[in-house]
Structures are given as C-alpha cells and as structure tokens.
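Remarks on the overall topology
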Amino acid sequence: MLLERVNTPADIKQFSLPDLHRLAEEIRQFIIDSVTKTGGHFAPNLGVVELTIALHYIFDSPSDKIIWDVGHQSYVHKILTGRKEGFQHLRMYKGMSGFPKRSESEHDMFDTGHASTSISAALGMAIGRDLKGEKNQVIAVIGDGAMTGGMAFEALNHAGHIKKDMLVILNDNEMSISPNVGAISNYLMKLRTDPYYSRAKADIQHLLNKIPTIGDKVLKTLERVKDSLKYLMVSGMLFEEIGFTYLGPIDGHDLPSLIESLKQAKQTKGPVLLHVLTKKGKGYASAEDAPEKFHAVSPPKGPTAVKSPAPSYASIFANTMIRLAETDERVVAVTPAMLSGSGLNAFYKQFPDRCYDVGIAEQHAATLCAGLACSGLKPVLAIYSTFLQRAYDQMIHDICIQNLPVVFAVDRAGLVGPDGETHQGAFDIAYMRAIPNIQIMMPKDENELQHMLYTALRQSGPVAVRYPRADGLGVRLDQELKEIPMGKAEIIRDGKELALLALGPMVELAKQTAERLEAEGIHPMVVNMRFVKPLDRELLLDLAKRRMGIVTLEEASVAGGMGSAVLEFYAQQGITDMNVHLLGLPDQFIEHGSRDALLDSIGLNVDGIAEVVKMQWPKRKKRA
Ligand SMILES: Cc1ncc(C[n+]2csc(CCOP(=O)(O)OP(=O)(O)O)c2C)c(N)n1
Ligand SMILES: CC(=O)[C@@H](O)[C@H](O)COP(=O)(O)O
Ligand SMILES: [Mg+2]
C-alpha cells in the first residue's frame, strides 16, 4: 500500500504518475471505508482526491500555505499530512476535527467551517509574505457554492486590485449542499460547457507555441489577440475583468492536467484563478448520483440502536411551514443554501415560487426578507444559529429598526455536536437579545414548536423562534395550531424554596433533575420559560415575593443569555437580594463531539445541575 508510505507531503514528491494514480485510488477507498463508519463529510472529500494530491505534489506545505474554504473537504489534505490515524476518531469528542485546525497541524493554515473566508485569509497571508520579504506561495481552495458568498467577491475585488501573487482554485462541482444556485453558478456553467472557447484557446496557444522565438512585442500582441478572442468567445470573462489570470476549466480528476496547470499557475505572476471541474462524490456511485444526500453521512446505527420515534425539530418546522403556507398565501420561506438541512425540500416542491434558496448569502437572505415584509408578505428566514451570525447588521439595520414582521426560524440552536466550535449555536440569544423590537422564544418540545411558529407569524414585528439540531421528545402533536400568549412562561410543576427556569431542551433536563432532588428532600419548581424576550415579568416578581432561589438553564452562552436577562430584570426592579445561579454554555468555544459528551463536559446534565442546587441550598435535611 502506497498510502502506508505517506506520512508527510514530501513523501509523494518522488512518486511516479502511476504511483500518484494508485495513491488516489487508495485514498478514495480509505475515505469510503473510514467515513462510512465514523460519519462526516463524504461527497465533498471524494471530489477533491486528485486535486489535493496534485496540490501537495506541486506545492510545499507548510511553507506554501493552502487554505480550504469551509474546510469540510480537507480530509485528503489531512491524510497526506500525517493524520491517517486520526480518522478513527473523526469529529468525536477529543478526536480529530472535521475541519482544518491550526492547533491540529502545521499544515492547517487557517481554521475554517463557515464558507467564503479563504480568499480573504489567503490575500492577508500574501500581503504578509510580501511585507516580510518571503517567497512562499499562497493558495485558497474554494468551492462553487462558497463562491456564491459575498465575502468571496469582496476578497476577489481586493485581490484583483492589489495584484498580489496568489492562487485561487475554484473547485466547481455544480453543487453547494443542494444543486448550486444563482447567476454566478450559471456563469460557471457557461465556462464549463463552452467547448468553442476552450478549443479556440488551445488552438491559439498551440499556434503561439509553434512560432519560433518571437520578439516580446509580437508575443505581447499575440497574447492580447488571444485574450481579446477569449473575451469575444466568453463574454465578460468575469475573473479576468477583475484582474485575475483565469486558467481552465480543467478536469479536476485528471492528474497530469492538474499537475501541468498548477505548475503554470505557480509561474504566473499576480492573482490567478484556476477553474477546476470535479464530480462531488467521485468514485462512489450512489454519492455521484445523489451528492446532496451524501454531502455528509452519519455513522451506521449500532444493532442495538433504537430509531427515535420522534420527528426532528427541522421536520416539524418544515411540516408546519407547509400548513401555514396552505392557509396563508403571504407566507414565504427563504434559506441561505440550507434547503435540505432546514427541511424545506418538500415546501419548495409544493410552493416553488414562495421558497428562495439564495446561495451562501446570509446577509442578502435577511434583507431580502425585509423587502418581502415591506411588500406585505410574511417571510420566514430558515437559518442556522451559527450562520445567522453573518447577518447581524441586517437584523438590526434592515429588519428591527423598521420593526418588520420577519420570522427567524433559528435552527441548530444550542450544541450541534460533531461540527464543533464554528457551528455550535451558542450565541444567538446573546446577540439577538440586545436588539430592540425583536421577540425571542424557544419551545420545550416539537408540539410547542408548531404553536410558536403559528404565533410568530401572527406578530407585527420581528420574531425569532430557536430550536435545536435534535429529534423531538415524541410528544403528541396537537391537531389545531394555537397562539401562545407572548411573554408567558409555563409552570411545569410548582415547588418550594427554588425554581429551575429552563429553556428549550433544558426543560426536560430540569424535570429529570427535580425528580432526582425530590429524593434528597428538595422540591424545586420547574418552569418552561418559553420566552427570552419578553420575559414573564409576573412570574419573576412572584418568585421574588416567595423568596425563591433561582437556577436558570439554557443551552446557550451564559454571557448575555436568558439567565442574564433574569438578573437584569431583578436589578432593574431594584430587587437585589435574589439568589440566582446561571447554568448554560461557559465562556469558551465548545469543541466537537457528540452533544451528550459535550453537555457532560460542561456539567449541563442531571448530576451537574443537582450538584449546583445542593451546593446553593445545602440546608435541607435528608428524608428520614
Ligand atoms: C456561511 C456558511 N453558510 C452555510 C454553510 C453550510 N455549508 C457547508 S458546505 C456548503 C456547501 C459548499 O459548497 P461548495 O463550496 O461548492 O463545496 P462542495 O461541498 O461542493 O465541495 C454549505 C452551504 C457554511 N459552512 N457557511
Ligand atoms: C460544513 C457545513 O457547514 C455543513 O455541511 C454543516 O455541517 C451541516 O450541518 P447539519 O448536518 O447540522 O445540517
Ligand atoms: Mg460545490
């Protein structure tokens, strides 16, 4: 096995072309065998096997810097840079990350996870190199999906202007997670499929090469002729127009042309964009046929695993959206490239003109919703908590200042697990709560989610409904959707002495903890807070009147979270002697791992909460 001999990129430099082909086959099989066992991003990595081998064959990592946009396609890079063994624990707690991590390897130049950052980072490294008088290469590998992100164009705009030597490799497989969307994607299609342009370009190049050494002047003229022909044949060579040398498109699975093109790119001054055509899922038939389904795969459920009978929150969101859209034609859904992740495929099928996948463009998605609301529609922005971070100013400037009725369906709120720090939905309560006019709620289960969505669409201003990346509790779904009184909490069980104020999935945890404490003579009240903004003032004042201690529970950053809101409330009321303890996500980025392992690691479990309660209220006697 050649792969056994590869522990650093230098190990492949001496390989012959047949060796490199064999290595590609071995790596592809390694990914299939390993990732189908552990779960992880699958089709994207099968699509970049040859590209990554060619990159490490031509460039010298880590002195040459390779940045992987999104980074979900960096498994081949990790295999070639000495981390084969890490795949046994891919994305597991304390195991290898599924994304590039500077802390993991000297070959990982930039931590990624969110899309469209690689060109900016690469340009920064190119400027840094030149200021320090260094000579290394800088390469950004960005997919056609990530290229729909506005930030990518901000970087292209800057790079094309200041003309630093750098290489952008556009890995074009016509897919985002779903089929890629937008005019840029159509443009790339034209470049991909315009045989006339690529043939004529080859003919001209052949002609130029055939003419014995000719004076620079003539060569420059002929180059201009070639370029103007290029312009003529593919109108507005977008990348050339903004200052890049465009190379390609080339077959991203053909090692000789990859190697040849990378050599050419390496010798070309200024910013270069190499357009590489790949097949997402290459080498695994079902992934090639269904790259969306195989974008990421889950580990096989063990023989003993019981399939949860409960639907996922995302599926409840999607089904409720269909119900709401059927009865109100103003309801419109918008998603920034997460159609399947948000569960909206069926909605799109039923309402194709009321469902917009805008590409990886969260800022645009938010302000599009503002425009839709201004025209009297009821837009629902289906967006992951972590990706909503991209649209923070749009929330404030375009939606909340104008107090527009936009519903934010904030999915993946709380710990998402294996995707780690870049994807945990930790901060949305803190970053939304400070914005005037917005209302924020979170259901305790899937039945309450459907009622909250119904309630949110009946509000006259912006509302966020946040829910986790999880299956529901398997509770019965009410047939009739009903309005939940805004700002009204639900007392699950009364109690004495202290109250557990819980949000979302923490309500179930609070109930289990209360049962545990009963046996220890402690009888906590359990409250389903339902709302972060507005808080249930009446409830909080009553707790103060009853001299109750409080433990707040949320799967969100404690800093700025629901607990902070409770503290602020009492402070504003001049009630200064409340015993309030805040539990939630600590002031650190939460790494990858299963959600349960992560909750245990921060003590957000029955044991952890019970410990805090007994510490805070130690005086209870044990039952005789
Ligand atoms: C800002 C942001 N929005 C959404 C996502 C979710 N996401 C992860 S990969 C992906 C598609 C990327 O497509 P492309 O760049 O073409 O890579 P491919 O999977 O095709 O290799 C999306 C939308 C993300 N990582 N970051
Ligand atoms: C890399 C990326 O950002 C997406 O593929 C993300 O991992 C999807 O997350 P879900 O699996 O929660 O839909
Ligand atoms: Mg793609």
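Note that the coordinates shown come from a computational prediction; the quantities given were computed from them, not determined experimentally.

Conventions adopted
- Residues numbered from 1 in each chain as written.
- Chains lettered and ligands numbered in written order.
- Predicted model: local features only at pLDDT ≥ 70, side-chain atom pairs only at ≥ 80, totals over all residues.
- Heavy atoms only, no water.
- Helix = DSSP H or I, 4+ residues; strand = E, 2+ residues; numbered from the N terminus.
- Rg over C-alpha atoms; globule rule 2.2 N^0.38 Å.
- Buried < 20%, exposed > 50% of the residue type's maximum accessible area, 1.4 Å probe, protein only.
- Contact = heavy atoms within 4.5 Å.
- Areas by Shrake-Rupley, 256 points an atom, 1.4 Å probe, with all protein chains shown as cover.
- Lys, Arg positive; Asp, Glu negative; His and termini not counted.
- Charge placed at Lys NZ, Arg CZ, Asp CG, Glu CD.
- Near = heavy atom within 4 Å.
- Polar contact = N/O pair within 3.5 Å; in protein donor to acceptor, adjacent residues only side chain to side chain.
- Nonpolar A, V, L, I, M, F, W, Y, C, P; charged D, E, K, R; others polar.
- Domains from an automatic or database assignment.
- UniProt positions renumbered as here; feature names shortened; annotations may be inferred.
- Donors = N, O, S within 2.8 Å, 3.2 Å for Na, K, Ca; no water.
- Salt bridge = Lys/Arg side-chain N within 4 Å of Asp/Glu carboxyl O.
- Pairing = 2+ DSSP bridges.
- Axes fitted to C-alpha atoms, helices over the stretch in contact; angles between N-to-C directions.
- Buried area = accessible area lost by both parts, 1.4 Å probe.

1. Section: the overall build of the protein chain
If you tally the helices and strands in the protein chain, you get 24 helices and 19 strands. Taken over C-alpha atoms, the radius of gyration comes to 27 Å for the protein chain, in line with the 25 Å a tight globule of 624 residues would show. When the backbone C-alpha atoms are referred to their principal axes, the protein chain occupies close to 100 × 55 × 50 Å. The 624 residues of the protein chain split such that 56% are buried. Nonlocal contacts in the protein chain, meaning residues at least 24 apart in sequence, comprise 78% of its contacts between residues at least 6 apart. For the protein chain, the exposed surface amounts to about 25,900 Å²; the carbon and sulfur share of it is 54%. Where the 69 positive side-chain charges of the protein chain centre and where its 74 negative ones centre are 1 Å apart.

2. What about the site of ligand 1?
Surveying the vicinity of ligand 1 reveals 23 residues, the closest of which are His72, Gly145, Met175, Lys280 and Glu362. Histidine 72 has a polar side-chain atom sitting 2.8 Å from an oxygen atom of ligand 1. Between a nitrogen atom of ligand 1 and a main-chain N or O atom of glycine 113, the distance comes to 2.9 Å. Relative to its free-state accessible area of 590 Å², ligand 1 is covered by the protein chains to the extent of 97%. Per-class residue counts for the shell around ligand 1 are 10 nonpolar, 9 polar and 4 charged. Taken domain by domain, the makeup of the shell around ligand 1 includes at least three residues from each of domain 1 (3-192 + 240-289) and domain 2 (313-466).

3. Structural notes on the UniProt feature "domain: Transketolase-like pyrimidine-binding" (unreviewed entry) in the protein chain
Summarizing the sequence annotation, UniProt attributes the feature "domain: Transketolase-like pyrimidine-binding" (unreviewed entry) to residues 311-475 in the numbering used throughout. For the annotated span residues 311-475, helix accounts for 39% and strand for 16% of the residues, and the straight-line distance between the end C-alpha atoms is 10 Å.

4. Structural notes on the coordination of the magnesium ion (ligand 3)
Taken together, Asp144 (OD), Asn173 (OD1) and Met175 (O) make up the protein donors of the magnesium ion (ligand 3), found 2.0 to 2.1 Å from the metal. Taken in chain order, the donor set of the magnesium ion (ligand 3) reads D-x28-N-x1-M. Like methionine 175, asparagine 173 is buried.

5. A short note on the side chain of arginine 91
Mapped onto the elements of the fold, arginine 91 is located in the loop between helix H4 (75-80) and helix H5 (118-131). Overall, arginine 91 belongs to the buried group, its relative accessible area being 15%. Beyond its immediate chain neighbours, meaning those up to four positions away, arginine 91 contacts Gly39, Gly40, His41, Tyr75, Met96, Gly98, Pro418, Asp419, His592 and Gly593.

6. Regarding the UniProt feature "binding site: thiamine diphosphate" (unreviewed entry) in the protein chain
Within this numbering scheme, the UniProt entry marks His72, Gly113, His114, Ala115, Gly145, Ala146, Asn173, Tyr284 and Glu362 as carrying the feature "binding site: thiamine diphosphate" (unreviewed entry). With a sequence span of 291 residues, these residues are also far apart in the fold, their greatest C-alpha distance being 31.6 Å. Position of histidine 72 among the secondary structure elements: in the loop between strand S2 (65-68) and H4. In this structure, histidine 72 is in contact with His41, Pro44, Asn45, Gly98, Phe99 and His295, ignoring residues within four places of it in sequence. Of note, alanine 146 is situated in the loop between strand S3 (138-143) and helix H6 (150-162). Overall, the relative accessible area of 6% leaves alanine 146 in the buried class.

7. Details of the site of ligand 2
Around ligand 2, the structure places His41, Val70, His72, Phe99, Ile177, His295, Tyr384, Phe387, Arg412, Asp419, His423 and Arg469. Within the contact set of ligand 2, an oxygen atom lies 2.5 Å away from a side-chain nitrogen or oxygen of aspartate 419. Between an oxygen atom of ligand 2 and a side-chain N or O atom of histidine 423, the distance comes to 2.6 Å. Relative to its free-state accessible area of 350 Å², ligand 2 is covered by the protein chains to the extent of 86%. For the shell around ligand 2, the per-class residue count stands at 5 nonpolar, 4 polar and 3 charged. Counting residues domain by domain, the shell around ligand 2 receives three or more from each of domain 1 (3-192 + 240-289) and domain 2 (313-466).

8. A look at the pattern of salt bridges
Per the counting criterion, the structure on display carries 35 salt bridges. Its salt-bridge partner being lysine 101, residue glutamate 421 comes within 3.6 Å of it at the nearest N-O pair. On the criterion of sequence distance, the pair formed by glutamate 421 in the loop between strand S11 (407-411) and helix H18 (428-433) and lysine 101 in the loop between H4 and H5 is long-range, its members being 320 residues apart. For lysine 101, a relative accessible area of 8% corresponds to the buried category. Here arginine 546 makes a salt bridge to aspartate 542, at a shortest N to O gap of 3.6 Å.

9. Looking at the side chain of arginine 412
With respect to the helices and strands, the residue arginine 412 is situated in the loop between S11 and H18. Residue arginine 412 is classed as buried on the basis of its relative accessible area of 13%. Within the structure, arginine 412 has its side chain in polar contact with the side chain of tyrosine 384 (distance 3.1 Å). For arginine 412, the side chain forms a polar contact with the side chain of aspartate 411, separated by 2.7 Å. Those residues in contact with arginine 412 that lie beyond four places of it in its chain are Ala314, Gly341, Tyr384, Ser385, Gly425, Tyr467, Pro468 and Arg469.

10. Here's the deal with the sheet that holds strand S10 (residues 378-384)
The 7 strands are arranged S9-S8-S10-S11-S13-S12-S17 in an open sheet whose pairing can be described as mixed. Only two strands of the sheet have a single neighbouring strand rather than two, namely strand S9 (355-357) and strand S17 (531-533). Neighbouring strand axes in the sheet, compared pairwise and without regard to direction, differ in orientation by 20° on average. Strands strand S8 (331-335), S10 and S11 of the sheet are contacted by helix H13 (residues 313-327), whose axis makes an angle of about 145° with S8.

11. Quick notes on the sheet that holds strand S18 (residues 549-557)
Pairing is mixed in the open sheet, where 5 strands are placed in the order S14-S16-S15-S18-S19. The two strands at the open ends of the sheet, each matched to only one other strand, are strand S14 (490-493) and strand S19 (580-585). Taking each pair of neighbouring strands and ignoring which way they run, the sheet shows an average axis angle of 25°. Pairing of strand S15 (residues 498-502) with strand S16 (residues 525-528) involves 4 bridges; the strand directions are parallel. Paired with leucine 501 across the strands is valine 527, a residue of S16. This element, helix H22 (residues 562-572), spans S15, S18 and S19 of the sheet and lies at about 140° to S18. Helix H24 (residues 606-616) rests against S15, S18 and S19 of the sheet, and its axis sits at about 160° to S19.

12. Examining the domain arrangement of the protein chain
You can read the domains of the protein chain as domain 1 (3-192 + 240-289), domain 2 (313-466) and domain 3 (490-616). Distance from the C-alpha centre of domain 2 to the C-alpha centre of domain 3: 26 Å. Each partner contributes to the roughly 2,300 Å² buried at the junction of domain 2 and domain 3, and carbon and sulfur atoms together form 60% of this total. Taken as a group, Leu415, Arg433 and Lys444 account for 32% of the area that domain 2 buries against domain 3, more than any other trio of residues on that side. The tally of links between domain 2 and domain 3 comes to 3 salt bridges. Note that glutamate 568 is salt-bridged to arginine 433, the shortest N-O span being 2.8 Å. A class-by-class count of the residues in the side of domain 2 that touches domain 3 yields 15 nonpolar, 6 polar and 6 charged.

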